[in-house]
Structures are given as structure tokens and as C-alpha cells.
Amino acid sequence: MKLKKLLALTLTGAVLTASLTACTPLDAAELVYDSIFGGGSSSTGSTGSGNTGGGSTAEDAENRAVAAAYVKSLQNGTYTGPTYANITPVYDIPYLEDFVKAIDGYCTKKSEANGESWEETVHTLSKEELKKLATVLHKENYGSSSASLRFGKDIQGTPEQKANSFTRTCGSFWDTTQSTPYKGNAWFDSVVLTRADGSTYRFLLSICHG
């Protein structure tokens, strides 16, 4: 009897869920079942290491919304518009978080040794230093392409406001002699770094080819 009541409750919930959402009754039934028994699967947007998943978490969604706002600003720009007009944006760069953490660790030690600020040390990273730190990104997945990194203090605001907060740039690396306008797939993603001192910075990486 208890099982019959539970199944009836699940069916009622599925019908209600389907009427309130765009999902099918079967999908709705699965949602209600998962809410009762616990879902069999979950996506955090970060499988393994780095931000490598499908962007199901609020943090991943915000990171990619910032990247999308940045691309929109490029395509709408008077000077940058023609360069990015023909790309197909992909808002996912696996292991970007690992790359940024590697930069933080390397530049923290380097800034302590050379007496420069951490921001300036990141800003002045050489092409060769960036290439070495970017090993975790697996360049073979992007073919012949140029990568560009920018960063700034993380701020509160809309994705558009955050996309305009990148006050510092790093040099380009990988195959930097790409012709423009860029074409085909172009990868963009952002991630927030919280440093040991509690300061937070947002990094945005773009990977394009001509």
C-alpha cells in the first residue's frame, strides 16, 4: 500500500512538473523520482581537475557567461569586430583552473624573489614561461592556434561588467603568428582565482586560429 501511494505521488508530481517546465513527462518523472530517492547522477562542471565539465554549476555558468559577454564586446567593437566576426565560440577550456593555479604558484615565488608585485609578475610573464605553464591545457586539442590571457581583480556585477574588468594582459603564446580574421572554433573561458592572501582575480583565456 505504501509503495502504491508513493508511486501515485511520483506520478502526480511528474504531471505537475511537466506542466510547469519544458521537459517531457518522462523527464519530469525522473526529476521527481530523483528528488525522492536521490539522483543517480550529478554534474558539477568540474570533473577530475580544473573546470573541465559541462558547466552545470552556478560558478561554471557565471564563468562562461563572462566569457560570452567578452566575446560579444569583441564582435561589437569597431576595431575588433572584423577580427572575431567569423568565429564559432566555444565556452569551455578544460583545465583552465589548473593553468591559473600554476601561474599563481610560479608568480608568487618569482615575485618574492624579484621584489615586484604579484600582478606585475603575472603581467610580464614571457611567452616561454606561459607555454611551459600551459602544458596542462594540452595544446594538441587546439591545433595551430594562438592563446591570449588577461586578468583583473574580480568584481561584483553583471557578466558584462565583469567582462570589462580585465585591466591587465599577459603576452600571447603558442602559435602567435596566426592570420586574421580568426575563423572556425575559438575557445573562451574564465575562472576566478582566490589567492592565499584572500584576494580574488578573474582570468580569461582565449584560443583562436586563422
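Structure: see above.
Residues numbered from 1 in each chain as written. Predicted model: local features only at pLDDT ≥ 70, side-chain atom pairs only at ≥ 80, totals over all residues. Heavy atoms only, no water.

(A) Main features of unusual backbone geometry. That bond from Thr180 to Pro181 is cis: its omega, 5°, falls within 30 degrees of zero. Here Pro181 lies in the loop between β4 (173–174) and β5 (184–194). If you check the backbone angles, His138 has positive phi at about 60° while not being a glycine. Along the polypeptide, His138 turns up in the loop between α7 (127–133) and β2 (146–153). His138 sits in the partly exposed class, given a relative accessible area of 34%. Here Trp174, not a glycine, exhibits a phi torsion of approximately 70°, which is positive. Mapping Trp174 onto the fold places it in strand β4. Residue Trp174 is classed as buried on the basis of its relative accessible area of 6%. (Helix = DSSP H or I, 4+ residues; strand = E, 2+ residues; numbered from the N terminus. Buried < 20%, exposed > 50% of the residue type's maximum accessible area, 1.4 Å probe, protein only.)

(B) Examining the environment of Pro89 more closely. Secondary-structure assignment places Pro89 in strand β1 (residues 87–90). Considered as a pair, Pro89 and Trp187 are 98 residues apart in the sequence and their alpha carbons are 5.8 Å apart. In contact with Pro89, not counting residues within four places along its chain, are Val71 and Ala186. (Contact = heavy atoms within 4.5 Å.)

(C) Spotlight on the pattern of salt bridges. The tally for this structure, following the rule as stated, stands at 14 salt bridges. Ionic pairing is found between Arg64 and Asp189, a salt bridge with its closest N-O pair at 3.7 Å. You can see Arg64 sitting in helix α3 (residues 58–76) and its partner Asp189 sitting in strand β5, a full 125 residues away along the chain. As a salt-bridge pair, Asp175 and Lys139 come within 2.9 Å of each other at their nearest N and O atoms. Here Asp175, found in the loop between β4 and β5, pairs with Lys139, found in the loop between α7 and β2; they are 36 residues apart in sequence, far enough to count as distant. On the accessibility criterion, Asp175 (25% relative accessible area) is partly exposed. (Salt bridge = Lys/Arg side-chain N within 4 Å of Asp/Glu carboxyl O.)

(D) Molecular detail of the packing of aromatic side chains. Counted by the stated rule, this structure contains 11 aromatic pairs. Between Tyr142 and Trp187, the ring centres sit 4.9 Å apart and the planes meet at 85°, which makes this aromatic pair edge-to-face. In this pair, Tyr142 sits in the loop between α7 and β2 while Trp187 sits in strand β5, placing the two residues 45 residues apart along the sequence. Classification of Tyr142 as buried rests on a relative accessible area of 7%. Residue class for Trp187 comes out buried when judged on its relative accessible area of 13%. Joined through ring pairs, the aromatic side chains of Phe99, Tyr142, Phe173, Trp174 and Trp187 make up one cluster. Above the ring of Trp174, the side-chain terminus of Lys139 is found at 5.9 Å from the ring centroid. (Phe/Tyr/Trp six-rings, centres within 6.5 Å; stacked < 30°, edge-to-face > 60°. Lys NZ or Arg CZ within 6 Å of the ring centre and 35° of its normal.)

Just geometry here; none of it tells us what the structure is for.
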